Amino acid sequence: MKHAGRLLLDARALDRTLRRLALQILEGDPLADLALVGVRTRGVPLAHRLAALLAQEGLTVPVGELDIALYRDDTRSGRALPEVRPTRLPFSVDGQAIVLVDDVLFTGRTTRAALDALMAWGRPRVVRLAVLVDRGHRELPLHADHVGLAVETTRAQTVAVRLAEADGIDGVWLEGA
Amino acid sequence: MARRHLLGLQGLSAAELEHLLDLAESFEDISLRAVKKVPALVGRTVCLLFLEASTRTRISFELAAKRLSADTLSISGSASSVEKGETLLDTARTLAAYRPDVIVLRHKSSGAAHLLARHVDAAIVNAGDGAHEHPTQGLLDLLTIRRHRRRIAGLKVAVIGDIAHSRVARSSIAGLARLGADVVVCGPPTMLPVGIEALGCRTTTRREAAVEGADVVMMLRIQKERAGEELFPSDREYAAIYGLDPAVLKRAKADCLVMHPGPVNRGVELHPDVADGPRSVILDQVSTGLAVRMAALYHCAGGEHGQ
């Protein structure tokens with residue numbers, strides 16, 4: 001499949017990057033009660049892949065799926081509301097160490113919404129953030145603990161993460177000028 | 001911005017019905033969280049205008065609005081200037097001055113919600129208009145069935161009781177038929193309205209024929225407040241000929257679901273052993289109703305999707 005834009009990670013590089021992220025998570029916090037929570041949409045397959053890589057290292061972790069549509073800050077009166085999908089957290093959030101997983105960290109607003117959504121389910125012991133791509137331009141005081149690839153972008157550009165589970169192809173592209 | 005209303009299930013496409021059911025399913029987990037509230041409708045106003053007696057539907061809508069963080073204004077018939085002779089449109093226009101995003105209307109006259117939708121600048125959710133439609137009750141019936149059976153197409157559904165006076169029946173029958181169920185409507189001839197087949201169902205006056213091989217039996221409430229109309233001779237005779245008891249239920253499929261919109265007249269349309277039996281999903285319907293009403297408010301408060 002052809003894709004417009006500059007290739008940042010091909011399938012093999014993406015796999016290598018995820019392996020590195022998995023190792024960073026392993027070496028990070030104390031690992032008791034660790035769970036991964038993918039932020040819908042593409043954070044979910046990434047979280048499942050990271051869990052599979054952690055399992056190869058002998059660590060079994062539960063994976064949750066978080067929908068943040070109801071917590072977004074761009075849905076004020078007079079604007080269309082986003083589509084809502086179910087949240088699935090097959091474990092109690094209270095006292096857990098949770099690694100939020102998302103594909104791209106940009107303004108930080110998605111992460112803010114994800115933290116609020118997560119806190120509605122309980123009080124985790126610690127929350128860390130793992131992202132495949134950090135593209136800069138934060139609008140909130142947030143940072144990622146584990147970053148697969150940091151890339152310089154302009155605001156107008158788009159970082160397109162494509163995953164086999166959702167898109168039929170693995171890779172990361174930078175689109176626009 | 002164009003307003004999105006939910007006035008009835010008649011006229012909705014299968015895709016629109018499925019969208020609303022999917023949306024409702026997404027809201028079910030909110031009631032399972034430590035914090036049973038989401039900020040989705042912060043800053044929006046939902047007006048609950050209930051001009052006919054209702055407790056169950058009103059509290060369900062009120063809780064749904066609160067769980068979505070909307071502000072609510074609640075007006076009931078006996079406490080309003082409707083008592084003083086104000087017309088529905090004047091009441092609604094007065095309310096519209098507070099710029100509500102959604103008005104939820106319960107009214108004794110069929111078509112009342114459609115009238116508001118034409119004349120008032122707010123999204124209208126029909127919470128029951130006369131003997132016409134009660135779309136959120138219809139949706140919760142559909143969702144309850146879909147959850148237990150995974151699909152609706154191809155199921156045989158018997159709807160038994162006072163079809164003529166039931167807005168629930170009209171919404172449910174229309175939705176079920178649109179999604180491909182084989183719907184058989186049953187009741188005494190005095191309670192079967194002429195032309196009900198236009199909703200896409202078959203009719204019979206024999207309870208046994210309706211229940212035979214059914215996947216779902218939906219019993220409707222005998223509205224005792226309408227007893228003066230003398231639609232049937234006595235409760236006991238009705239129970240004997242049209243009630244659902246364990247013996248009749250044996251004719252349905254072994255895993256048949258029994259539904260009822262509540263409140264149940266025990267011993268009239270529904271035998272207590274059936275109402276409380278293993279096939280009954282009546283209490284499921286109540287919790288499903290909350291998620292459906294959250295979905296309805298969210299769907300309508302958002303207006304037309306711009307993207």
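Given the structure is predicted, the values throughout are model-derived calculations rather than measurements.

## Re helix α5 (residues 135-149) of chain B
All names here are of chain B.
Point 1. Over its 15 residues, α5 runs 21 Å from end to end, which matches the ideal 21 Å to within 8%, given 1.5 Å per residue.
Point 2. Counted residue by residue, α5 has eleven buried out of 15 residues, so it is predominantly covered.
Point 3. Taken as a whole, α5 has its buried residues at P135, T136, Q137, G138, L139, L140, D141, L142, L143, T144 and I145.
Point 4. In the core, the buried residues of α5 are packed alongside α1 (14-27), β4 (123-129), α6 (167-178), β8 (216-219), β9 (257-259) and α11 (282-301).
Point 5. R150 sits one or two positions beyond α5 and adopts a positive phi of about 70°.

## A short note on the environment of A:G43
Residues and elements named next belong to chain A.
Point 1. When you line up the elements, G43 lands in helix α2 (residues 43-56).
Point 2. The exposure class of G43 is buried, given the 26 C-beta atoms found within 10 Å.
Point 3. C-alpha of G43 to C-alpha of L14: the two residues are 29 residues apart in sequence and 14 Å apart in space.
Point 4. When near neighbours in sequence (up to four residues on either side) are disregarded, G43 contacts G38, V101, D102 and D103.

## A look at the sheet that holds strand β5 (residues 126-134) of chain A
All names here are of chain A.
Point 1. Spatially, the five strands line up as an open sheet ordered β3-β2-β4-β5-β6, and their pairing is parallel. Each edge of the sheet is formed by a strand with only one pairing partner; in this case those strands are β3 (63-66) and β6 (146-150). Pairwise comparison of adjacent strand axes, ignoring direction, gives a mean angle of 25° for this sheet.
Point 2. As defined by bridge partners, β5 adjoins β6 across four bridges and the pair is classed as parallel. Each bridged residue has a counterpart across the sheet, and for A130 the counterpart in β6 is H146.

## Here we look at unusual backbone geometry
Point 1. For the bond running from A:R40 to A:T41, omega is 15°, close enough to zero to count as cis.
Point 2. Note that A:T41 resides in the loop between β2 (34-39) and α2.
Point 3. With an omega of -10°, the peptide bond running from B:G262 to B:P263 counts as cis.
Point 4. Relative to the assigned elements, B:P263 resides in the loop between β9 and α10 (272-275).
Point 5. We note that B:R99 has phi near 55°; this positive angle belongs to a residue other than glycine.
Point 6. Taking the C-beta count within 10 Å as the criterion, B:R99 has 12 such neighbours and is therefore assigned exposed.
Point 7. Of note in the backbone geometry, B:R150 takes a positive phi value of approximately 70° without being a glycine.
Point 8. With respect to the helices and strands, the residue B:R150 is situated in the loop between α5 and β5 (156-160).
Point 9. Residue B:R150 is classed as exposed on the basis of its 7 C-beta neighbours within 10 Å.

## A few points about the nonpolar core
Point 1. A:L50, B:I103, B:V104, B:A158, B:V159, B:V217 and B:L297 are the most contacted members of the largest nonpolar core, which totals 146 residues.
Point 2. Sorting elements by how many residues they give to this core places α11(B) first, with ten residues.
Point 3. Looking at this core, you find at least three residues from each of domain 1 (14-133 + 287-301) and domain 2 (135-282) of chain B.
Point 4. Discounting chain neighbours no more than four positions away, the residues touching B:I103 are B:C47, B:L49, B:A92, B:L95, B:L116, B:V120, B:A122 and B:I124.

Analysis parameters
Residues numbered from 1 in each chain as written. Chains lettered and ligands numbered in written order. Predicted model: local features only at pLDDT ≥ 70, side-chain atom pairs only at ≥ 80, totals over all residues. Helix = DSSP H or I, 4+ residues; strand = E, 2+ residues; numbered from the N terminus. Expected span 1.5 Å × (residues − 1). Buried ≥ 20, exposed ≤ 12 C-beta atoms within 10 Å, placed from the backbone. Contact = placed C-beta atoms within 7 Å. Pairing = 2+ DSSP bridges. Axes fitted to C-alpha atoms, helices over the stretch in contact; angles between N-to-C directions. Core = buried A, V, L, I, M, F, W, Y, C linked by C-beta atoms within 7 Å. Domains from an automatic or database assignment.

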